[in-house]
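# Analysis of the macromolecular model
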Number of protein chains: 2
Amino acid sequence: MGEPAGIGGEILLKAWASEGASLPLLFVIDDKHRLQKIADNLGLNIELTDYSADSAAWADRPEALRVVHSPLACHQPPGILVPENAKAVVASISRAVEMTQTGKAAGVVTNPIQKSALYQAGFPYPGHTEFLASLSDPAPVPVMMLACDQLRVVPVTIHLSLRDALTALSTDRIIEQTQITARALKRDFGIDNPHLAIAGLNPHAGEEGSMGTEEQTIIAPAIQALQQSGLNVSGPHPPDTLFSARARQTYDVAICMYHDQALIPIKTLDFDGGVNITLGLDFIRTSPDHGTALDIAGSGQASERSLVAAIRMAARMAAHRHNSKEPGND
Amino acid sequence: MGEPAGIGGEILLKAWASEGASLPLLFVIDDKHRLQKIADNLGLNIELTDYSADSAAWADRPEALRVVHSPLACHQPPGILVPENAKAVVASISRAVEMTQTGKAAGVVTNPIQKSALYQAGFPYPGHTEFLASLSDPAPVPVMMLACDQLRVVPVTIHLSLRDALTALSTDRIIEQTQITARALKRDFGIDNPHLAIAGLNPHAGEEGSMGTEEQTIIAPAIQALQQSGLNVSGPHPPDTLFSARARQTYDVAICMYHDQALIPIKTLDFDGGVNITLGLDFIRTSPDHGTALDIAGSGQASERSLVAAIRMAARMAAHRHNSKEPGND
């Protein structure tokens, strides 16, 4: 569902209207009446049908969008946060995760949530990802990966000021995030011996210490340890040249030192088609790489491309994980 | 000339061989014998002719590359720094600037230099740009702009570690660099009322102070002052979305807070075609956006695309400056 005041419902319906037949088998956990109203408002002729994992009744109507009805408490206009509905948002996430854990779904695709609305309703997690990690057993270190057709990136530090990111960066953190990423690339992306390119932090990767020393004191030791553990890791690479068309051909993922080092290149290359993937969970989770866009919710303007990419990505990952010979959850 | 151990000579000759006839009128300040040798080694059939601004003899041979002979002291093999030749490198730069100042050239295109080689020979400037600024009268604040077909960026702080860049960032610095950029866009790029988009520093531009406060304490006051001075300035913009295809349509230049915030998007978009432009000088100066590439010098592998773009850019800027109604040097 995601935040019901946002664009989640309409991008889902637009995705179904434009690509329904070609999308991987999916069902939606959302308020059926709300979806019907959005479809009517946008003039989308979409049939909704009740879905249950325990019955195959839905299979007779492949053209209908399958919905696990998750009712909202109150009337929900687009663009306006209704705190009474926060509970249903959280419930839809827990429900989705539970269905993957009981084998009734192969992965979870989450629509964007509005953190401030959930906080008001007592949501105790900093964000979506942390909540999802708490639903994994045992609770893992989640790793955020962003992917488009041309590039995959993992920011080692995420929602911190640039100043705090410099302080938070550590050899251990780089090692941990890189290892989780390497395992996920093998298991969920079918890449046997992934090449992980580690970015430097400073201009020109510090130019031998003349413009910063973190490459020598923090990043190089992580690279050494990772190489010794047998991983195909290179770097520290000068950040400005690491994302050129030529450089992108040489690695499977770029491990980045801070939020914008990762997000600038991917959003520069493909603003609408990027997917946000959480690695390290015991279930597959993808998400469109944008927010709730309250300002345009209800207008039908929002692009469904990132959600479509997130749905396809989750299905591909699920197929790889299913085929993977690696046992266990990590 | 640039560093004679580097790729400068060969990319110039490749540029002339592939695009000579279509390039703006140009002459080269370099060692004629060295260029001849490189052309022979690469199998490029290029005729060289002596050039003097005081004679039109060269005009009879438009197919010949015009060279102001600037002899090297010693034999110069590719890839190997020869300190005895540093003097000629510096002299070629001064000569080029002097010719623009005496009206014998419309602008300067510099090939990359190797700073370490020049330092050994007593060169007292941190880099190319600072040396060029010292040749301007009065010595200005130079501003570095990088441009490709899709994007122009100005990093407000440049060759500093990320940590030092955070410390160096100030309201005054943003104001000064933005003003110089705005004047140059009018005078040298023919953009009457340029829109300058100012980037934030932190993820999501700090999200109202929850991820860093520099947007509020340093950047917003600069934007306010610039707007009050009548400039068309917006921001602080979230850095990760500022360089998307859609966002790029909305501004003429992005003013960036640190080196990689500017260089990552431009090198992601166009690695070979980027041009480095120094704004704020009393002459026009462009440069290819790469280094001396000593490791591949002599092999002919280096792409001439950035040099060609730098030559064309200098000519376009000279035409705009010539046509500009704005008097004076700033």
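Nothing here was measured: the structure is a model prediction, and the numbers come from that model.

### Things to note about the interface of chain A and chain B
Opposite the 33 residues of chain A that make contact, chain B presents 34 residues. A combined buried area of about 3,100 Å² lies between chain A and chain B, and 61% of that area is made up of carbon and sulfur atoms. At the boundary of chain A with chain B, the tally comes to six salt bridges. Put simply, chain A and chain B have eight residue pairs in polar contact (both at pLDDT 80 or more) between them. Within the residue set of the side of chain A that touches chain B, elements represented by two or more residues are helix H6 (162-168), helix H9 (245-248) and helix H10 (259-269) of chain A. Broken down by element, the residue count for the side of chain A that touches chain B peaks at nine residues, all from H10 of chain A. Here the side of chain A that touches chain B is built from residues that sort into 15 nonpolar, ten polar and eight charged.

### As for helix H7 (residues 171-189) of chain B
Between the first and last C-alpha of H7 of chain B there are 26 Å, a value that for 19 residues agrees with the 27 Å anticipated at 1.5 Å per step. Along H7 of chain B, the residues that are buried comprise Ile174, Ile175, Gln177, Thr178, Ile180, Thr181, Ala182, Ala184, Leu185, Arg187, Asp188 and Phe189 of chain B.

### Here we look at the nonpolar core
Counting residues in each nonpolar core, the largest one holds 81 residues, and the members touching the most others are Met257 of chain A together with Met257 of chain B. In this structure, Met257 of chain B is in contact with Val156, Thr157, Leu169, Ile174, Ile198, Ala199, Gly200, Leu201 and Ile219 of chain B, ignoring residues within four places of it in sequence. Counting residues in hydrophobic clusters, the runner-up holds 34 residues, among them Cys256, Leu263 and Ile266 of chain A together with Met144 of chain B.

### Details of the sheet that holds strand S5 (residues 143-148) of chain B
Residues and elements named next belong to chain B. Taken together, eight strands build an open sheet; the order of strands is S4-S11-S10-S5-S6-S9-S7-S8 and the sheet is mixed. Only two strands of the sheet have a single partner each, and these edge strands are strand S4 (108-109) and strand S8 (232-237). Packing against the sheet, helix H8 (residues 214-228) makes contact with strand S7 (195-199) and S8, and its axis sits at approximately 170° to S8.

### Observations concerning the sheet that holds strand S2 (residues 48-50) of chain B
Sheet strands pair via backbone hydrogen bonds, and the direction of the pair is either parallel or antiparallel. Residues and elements named next belong to chain B. Pairing within the open sheet is parallel, and its three strands lie in the order S1-S3-S2. Taken across any chain shown, the strands that pair with only one partner, and hence form the sheet edges, are strand S1 (28-30) and S2. When the angles between neighbouring strand axes are averaged without regard to direction, this sheet yields 45°. By the bridge criterion, three bridges tie S2 to strand S3 (residues 65-69) in an arrangement that is parallel. Note that in S3 the partner of Asp50 across the bridge is Val67.

### Overview of helix H3 (residues 86-101) of chain B
Residues and elements named next belong to chain B. Taking 1.5 Å per residue, 16 residues should reach 22 Å; H3 reaches 23 Å between its end C-alpha atoms and fits that length. Burial in H3 covers these residues: Ala86, Ala88, Val89, Val90, Ser92, Ile93, Ala96, Val97, Met99 and Thr100. Close packing links the buried residues of H3 with S1, S4, helix H4 (115-120) and helix H5 (128-135). Immediately beyond the C-terminal end of H3, within one or two residues, lies Gly103, with a positive phi of roughly 80°.

### Re unusual backbone geometry
All names here are of chain A. The residue after Gly235, namely Pro236, is reached through a cis peptide bond having omega -5°. Along the polypeptide, Pro236 turns up in strand S8 (residues 232-237). The phi angle at Ala205 is positive, at roughly 55°, despite the residue not being glycine. With relative accessibility at 14%, the residue Ala205 sits in the buried group.

What counts, and at which threshold
- Residues numbered from 1 in each chain as written.
- Chains lettered and ligands numbered in written order.
- Predicted model: local features only at pLDDT ≥ 70, side-chain atom pairs only at ≥ 80, totals over all residues.
- Heavy atoms only, no water.
- Contact = heavy atoms within 4.5 Å.
- Buried area = accessible area lost by both parts, 1.4 Å probe.
- Salt bridge = Lys/Arg side-chain N within 4 Å of Asp/Glu carboxyl O.
- Polar contact = N/O pair within 3.5 Å; in protein donor to acceptor, adjacent residues only side chain to side chain.
- Helix = DSSP H or I, 4+ residues; strand = E, 2+ residues; numbered from the N terminus.
- Nonpolar A, V, L, I, M, F, W, Y, C, P; charged D, E, K, R; others polar.
- Expected span 1.5 Å × (residues − 1).
- Buried < 20%, exposed > 50% of the residue type's maximum accessible area, 1.4 Å probe, protein only.
- Core = buried A, V, L, I, M, F, W, Y, C linked by side-chain atoms within 4.5 Å.
- Pairing = 2+ DSSP bridges.
- Axes fitted to C-alpha atoms, helices over the stretch in contact; angles between N-to-C directions.

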